[in-house]
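This is what each chain is made of:
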Amino acid sequence: MSLYLELFLLLFLAGMISLLFFVGSRFVIEQQIDIYHQDKNIVQKYNEKYISQIQKFITERGISTKDLWKLNEWMNNNRLIYIQIKKGNEWIYSSDFAMDEEQADVYDFLLYPSDSYYDIELSDGTAQVFIMGMYSYNAYMVALIFAIIVSFLLFFVLTMFGIRRKILYINQLSRDIEILEGGNLEYEVHMQGNDEIADLAAGLNSMKASFKNQIEEIERLTRTNQEMVTEISHDLRTPLTSVLLYAEILLGGKYAEEKNKQEYLNKIIKKIQHMKDLSDRLLAYSVHSMEEKYIPAGYVPLHSALYDELSDMCSYLSEQGLKVKENLRWEEGDVFIYGEYLTRILDNISSNILKYADAQALVLIWDEYYEDEIWITFENACGRGNSGMDSYSIGIRNVKMMMEEMGGNCEVVQSKEQFRICLRFRYRKNDGKMQTVS
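A brief look at the structure comes next. (Residues numbered from 1 in each chain as written. Predicted model: local features only at pLDDT ≥ 70, side-chain atom pairs only at ≥ 80, totals over all residues. Heavy atoms only, no water.)

Take the overall build of the chain next. Helix and strand content of the chain: ten helices and eleven strands. Counting every position in the chain, which comprises 438 residues, the buried fraction comes to 37%. Residue pairs in contact within the chain that sit at least 24 positions apart in sequence constitute 70% of those at least 6 positions apart. (Helix = DSSP H or I, 4+ residues; strand = E, 2+ residues; numbered from the N terminus. Buried < 20%, exposed > 50% of the residue type's maximum accessible area, 1.4 Å probe, protein only. Contact = heavy atoms within 4.5 Å.)

Here it is, written out as structure tokens:
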């Protein structure tokens, strides 16, 4: 309903109520006036009052039977009074018209009861006066003016009351807007009615929800970007440590044969390339932080996807003085994987093992095959002083995130003595015999 229609209905309703009040109040008041003026005692008091005034007027002017026309002056000032005067049996004056003796003889005057006549003294004798007046007329006029004024006031009050409701609602919206301006986007703007003001309130709620979603989206993207930067920065540490280790081996000549030197050089190049890829990814995240991340994962033969990376991991841990025991069967099939993520995942796990594993205990690695999954589990005993496992959080969080983005899963079980992480990759079997690789 529009404001125009609401205002029209408000004015119409206020007008109808005021009109009904006017008619009803006037009827009731006039009924009371009629009842009051029907009392004979009241009428007699009015009659005696005006007879007294007429007598005074006659006495002051010395009016006689011959010049009763002078009474017209008083009658002009008292038009609500009607009188007839007679002397003896002869009517000598009527306030309705002027008459001479012939008219008085012809005119058929009504005869009234004897108690309806009052004696007045003319300058030339006594006469009888019949008097009648519209004594209630003034009361009627007062009642009419009173009813009009009160009805108008009632119309005004009802109209202002209806308008006041809208003004209060507008004031409420103003307070609501101030609350929203203060940053409280959880606050709900009051909805009242279904007019243009209510549409404005609904628009404010929609705008608030849209603005809130935009802020949440910006915060989410900012948080995601920060997390990505933190993850990649964290993941840069492990290949950098490996490069330093291999460089120290080459610098100190701690290799048995010349071919081992080339292997270490190849590993350094591979790690540096991995670090470059991570740096490029970090730059891409910074420049394109608002874009949706795309992971080019796909099914790759299991052996070619995992063998080299796991072998490098085992060699690296062994070179760091840890004892690694792996039990990997390498069945035929394809694994759904993204190479860069796999490298980062294994680097994170290697870094955590080096930091927190008991150097005297075995690091165990094994695989399990299911209908559409392959599980690769890493387990190590925790060294003393590392039972809190606080520093695992960033690396493990990165691993879980990358596994989920590849459509897999990561399960972590840890206690004061033991730490185990299981990587669950999507897997599809191929027909063929089990391949054993030593």
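So, next bit.
Below, the discussion takes up helix α1 (residues 3–37). With 35 residues, α1 extends 50 Å between its outermost C-alpha atoms, agreeing within 8% with the 51 Å of an ideal straight helix rising 1.5 Å per residue. All of the buried residues along α1 are Glu6, Ala14, Ser18, Phe22, Ser25, Ile33 and His37. As for α1, its buried residues are in contact with α2 (40–61) and α5 (137–181). (Expected span 1.5 Å × (residues − 1).)

What follows deals with a nonpolar patch on the surface. A surface patch of nonpolar side chains, about 660 Å² in accessible area, is lined by Leu5, Phe8, Leu9, Phe12, Met16, Leu19 and Val23. Considering the arrangement of structural elements, one finds Leu9 in helix α1. (Patch = residues over 30% accessible without salt bridge, like charges linked within 9 Å, V, L, I, M, F, W, Y side chains within 5 Å. Areas by Shrake-Rupley, 256 points an atom, 1.4 Å probe, with all protein chains shown as cover. Salt bridge = Lys/Arg side-chain N within 4 Å of Asp/Glu carboxyl O.)

One broad trend across soluble globular proteins is that nonpolar side chains are buried collectively. Counting residues in each nonpolar core, the largest one holds 40 residues, and the members touching the most others are Leu306, Phe378, Ile421, Leu423 and Phe425. If you tally residues by element for this core, the top one is helix α8 (residues 302–319), at seven residues. In contact with Phe425, not counting residues within four places along its chain, are Val335, Phe336, Ile337, Leu342, Asp372, Glu373, Ile374, Ile376, Met403 and Met406. Judged by nonpolar contacts, the second largest core, of 22 residues, contains Leu71, Ile120, Leu122 and Val129. (Core = buried A, V, L, I, M, F, W, Y, C linked by side-chain atoms within 4.5 Å.)

Moving on, we get to the sheet that holds strand β1 (residues 81–87). In spatial order, the strands read β2-β1-β4-β3; together these four strands make up an open sheet with antiparallel pairing. Whereas interior strands pair on both sides, the edge strands pair on one side only; in this sheet they are β2 (90–94) and β3 (117–122). Across the sheet, the mean angle separating the axes of adjacent strands is 35° when strand polarity is ignored. Bridge analysis of β3 against strand β4 (residues 125–133) gives six bridges, and the strand direction is antiparallel. For Leu122, the partnering residue across the bridge sits in β4 and is Gly125. Packed onto the sheet, α2 meets β1, β3 and β4 and runs at close to 10° relative to β3. (Pairing = 2+ DSSP bridges. Axes fitted to C-alpha atoms, helices over the stretch in contact; angles between N-to-C directions.)

As a further point, take the pattern of salt bridges. Applying the stated criterion to the full structure yields ten salt bridges. Two residues, Arg26 and Glu30, come together in a salt bridge whose shortest N-O distance is 2.8 Å. On the criterion of helical spacing, the pair formed by Arg26 and Glu30 is a turn pair, its members being four residues apart in helix α1. Of the residues examined, Arg26 reaches a relative accessible area of 32% and is grouped as partly exposed. By relative accessible area, Glu30 is classed as partly exposed at 22%. Of the charged contacts in the structure, one is a salt bridge between Arg329 and Glu331, with a shortest N-O distance of 3.7 Å. Taken together, the salt bridges that share partners define one network made up of Glu60, Arg61 and Glu73.

It is worth spelling out the pairing of β2 at this point. Along β2, four of the five residues are buried, which leaves the element largely enclosed by surrounding structure. Relative to β2, β1 is paired through four bridges, and the arrangement is antiparallel. Bridged to Lys86 within β2 is Trp91. Hairpin connection from β1 to β2: two residues lie between these consecutive antiparallel strands, with Gly88 at a positive phi of about 70°.

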